Amino acid sequence: MSRVINFSPGPSTLPLPVLERAQRELLDFDGSGISMLEHSHRGAKYSAVHEEAKSLLKELVPVPDTHEILFMQGGATGQFALVPMNFLPAGKSADYINTGSWSKKAFAEAEIVGEPRWAGTGQVDGKFIRVPKQSDLELDSGAAYVHLTSNNTIAGTQFHTFPDTGSVPIVADMSSDFLWRPIDVSRFGLIYAGAQKNLGPAGITVVIARKDLLEAASTKVPKIFRYSFIAENNSLQNTAPTFTIYMVRNVLQWVKENGGASAMETRNQKKANMLYGCIDEHEGFYRCPVERESRSVMNVVFTLPSEELEKKFMADAAAEGMVNTKGHRSVGGIRISMYNAMGPQEIEKLTGFMKSFAQKNG
Ligand SMILES: *Cc1c(COP(=O)(O)O)cnc(C)c1O
């Protein structure tokens, strides 16, 4: 077996024990003689997995009783549309915070449904190099909600503290940093996160929604797109992506076995300190465009002195078993995605490579 270190932004690397377990259990799940891929979503074997995935989320995030946990399809992109369909009534507006590509996509979907409004931006001279501070925001106290992207997978920025929005609920796209540390869920009206970054394979979006908001939401929405209907049916209104939820359950067990969300925070901070430390040590060769307080612990972006050197960097890294280091096509440069499953020893190997690359080519 020759596995490489995969810095892909998503679908991204999964914990090796989780993959090995899936392999072990593939043909015969839990003595049933059939695989999890073949079990009915209404059967006892799958039900136990479904409930355990929910209870692990409740414990690890943690999720208070005021909030519901849903498993939905359609990705985070589906949520861009569903949020305004359910929570943006006619005559009301919603505030959106602009921190780059994903926020803009969310805004564009809301525009189809109602009247979103930009309440602040992280753009400086055309570039998304920070997240706005509280003082940069112009919030509307009458807004239906405030939407933000907690971690910007492409720009490499992240909210380390969340704005105070008064009584207006925060809706957060946490697709690329969900469970990187414990969250105070009581501060949010709704959280959504596509699984393929920090939680498992693609195919499921975890949603955590305040129950009173679900009750007050629009009912002029087809049922399959209605959060309250999904909640009433325990996310089993139709066939669930059973194997993906099984994989998410296994990743959550792995998080728990490894000390839970607080331990993930320590692990992620350690990796971020190593990598940003290495970039800053070689200032002039490696350059991170993101302002220090907004730097993401999940997606680290940086540039080299020339595009040629960046190409050489990617090729040399790949030759040493480190792949998918290319920045997003819209920003260029290098991007290292290091979600929970990425270990500190992999980042140590990367920074070792970066030091010698800078020495040879600087
Ligand atoms: C990946 C990503 C998305 C898009 O997710 P899909 O599952 O492809 O719809 C949205 N928002 C953020 C922050 C992301 O990282």
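Above this note sits the structure.
Student: What is the right way to read the nonpolar core from this model?
Tutor: One broad trend across soluble globular proteins is that nonpolar side chains are buried collectively. Counting residues in each nonpolar core, the largest one holds 51 residues, and the members touching the most others are Val61, Phe178 and Leu179. Dropping the residues within four chain positions of it, Val61 is found in contact with Phe178, Leu179, Pro182, Ile183, Val185 and Ile208.

Student: How should I be thinking about the sheet that holds strand 10 (residues 170-173) in this particular structure?
Tutor: What holds strands together in a sheet is hydrogen bonding between their backbones, with the strands either parallel or antiparallel. Spatial ordering of the open sheet is given by 2-12-11-10-7-3-4, a layout of seven strands whose pairing is mixed. Each edge of the open sheet is held by one strand with a lone partner, namely strand 2 (67-72) and strand 4 (115-121). Averaged over all neighbouring strand pairs, the angle between strand axes comes to 20 degrees, with direction disregarded. The sheet contact formed by strand 3 (residues 93-98) and strand 7 (residues 146-149) spans two bridges and is parallel. From the neighbouring strand, Tyr96 faces strand 7, where its bridge partner is His147. Relative to the sheet, helix 2 (residues 44-60) contacts strand 2 and strand 12 (205-210), its axis offset from that of strand 2 by approximately 135 degrees.

Student: Explanation requested: a nonpolar patch on the surface in the structure shown.
Tutor: Taken together, the side chains of Leu26, Leu27 and Leu37 make up a nonpolar region of the molecular surface, amounting to roughly 310 Å² of accessible area. For Leu26, the position within the fold is in the loop between helix 1 (16-25) and helix 2. On the basis of relative accessibility, which here comes to 34%, the residue Leu26 falls in the partly exposed class.

Student: Looking at this structure, I do not really get the pairing of strand 2. What am I missing?
Tutor: Regular strands place side chains that alternate from one sheet face to the opposite one. For strand 2, a buried count of five out of six residues is recorded, marking the element as mostly surrounded by other parts of the structure. Bridge count between strand 2 and strand 12: six bridges; the pairing is antiparallel. Residue Leu70 lies in a different strand from strand 12, and its bridge partner there is Val207.

Student: Before we go on, may I ask you to explain the packing of helix 10 (residues 307-319) against helix 11 (residues 344-361) in this structure?
Tutor: The packing of two helices is summarised by the inter-axis angle and the distance between the axes. Two elements in contact, helix 10 and helix 11, have axes separated by 11 Å at closest approach and are oriented at 135 degrees. Viewed along their axes, helix 10 and helix 11 adopt a mutual orientation that is oblique. For the element pair helix 10 and helix 11, the recorded crossing hand is right-handed. Across the interface between the two elements, Leu309, Lys312, Phe313, Asp316 and Ala317 of helix 10 pack against Phe353, Met354, Phe357 and Asn361 of helix 11. Each residue belonging to the contact of helix 10 with helix 11 can be placed in one class, and the counts come to six nonpolar, one polar and two charged.

Student: I'm lost on the state of the cysteines in this one. Help?
Tutor: Linking two cysteines covalently through their sulfur atoms gives a disulfide. In the structure shown here, the tally under the stated rule is zero disulfides. In this structure Cys278 is a free cysteine whose sulfur lies 12 Å from that of Cys288, the closest cysteine sulfur available. Residue class for Cys278 comes out buried when judged on its relative accessible area of 3%.

Student: Please explain the packing of aromatic side chains as it appears in this structure.
Tutor: Here a ring pair, both rings aromatic, is described through the centre-centre distance and the interplanar angle of the planes. One pass over the structure, following the stated rule, counts 18 aromatic pairs. Here the aromatic rings of Phe29 and Tyr246 are separated by 5.7 Å at their centres, their planes lie at 90 degrees, and the arrangement is edge-to-face. Of this pair, Phe29 sits in the loop between helix 1 and helix 2 while Tyr246 is found in helix 8 (residues 242-257), placing the two residues 217 residues apart along the sequence. As far as the burial class goes, Phe29 and Tyr246 line up, both buried.

Student: What exactly am I supposed to notice about the pattern of salt bridges here?
Tutor: A pair can form between side chains of opposite charge whenever their charged atoms are brought close. Counting across every chain of the model gives 13 salt bridges. Note that Glu25 and Arg21 form a salt bridge whose closest N and O atoms lie 3.2 Å from each other. Of the two residues, Glu25 and Arg21 are both situated in helix 1; the distance of four residues between them amounts to about one turn of the helix. Arg21 shares its class with Glu25; the two are buried. Note that Asp30 and Lys45 form a salt bridge whose closest N and O atoms lie 3.1 Å from each other. Of this pair, Asp30 sits in the loop between helix 1 and helix 2 while Lys45 sits in helix 2, and the two are 15 residues apart along the sequence. Shared partners join several salt bridges into a network, and the residues in it are Arg130, Asp136 and Glu291.

Calculation criteria
- Residues numbered from 1 in each chain as written.
- Predicted model: local features only at pLDDT ≥ 70, side-chain atom pairs only at ≥ 80, totals over all residues.
- Heavy atoms only, no water.
- Core = buried A, V, L, I, M, F, W, Y, C linked by side-chain atoms within 4.5 Å.
- Buried < 20%, exposed > 50% of the residue type's maximum accessible area, 1.4 Å probe, protein only.
- Contact = heavy atoms within 4.5 Å.
- Pairing = 2+ DSSP bridges.
- Helix = DSSP H or I, 4+ residues; strand = E, 2+ residues; numbered from the N terminus.
- Axes fitted to C-alpha atoms, helices over the stretch in contact; angles between N-to-C directions.
- Patch = residues over 30% accessible without salt bridge, like charges linked within 9 Å, V, L, I, M, F, W, Y side chains within 5 Å.
- Areas by Shrake-Rupley, 256 points an atom, 1.4 Å probe, with all protein chains shown as cover.
- Salt bridge = Lys/Arg side-chain N within 4 Å of Asp/Glu carboxyl O.
- Parallel < 35°, antiparallel > 145°, perpendicular 65-115°, else oblique.
- Left-handed = near helix turned anticlockwise from the far one by under 90°.
- Nonpolar A, V, L, I, M, F, W, Y, C, P; charged D, E, K, R; others polar.
- Disulfide = S-S within 2.5 Å.
- Phe/Tyr/Trp six-rings, centres within 6.5 Å; stacked < 30°, edge-to-face > 60°.

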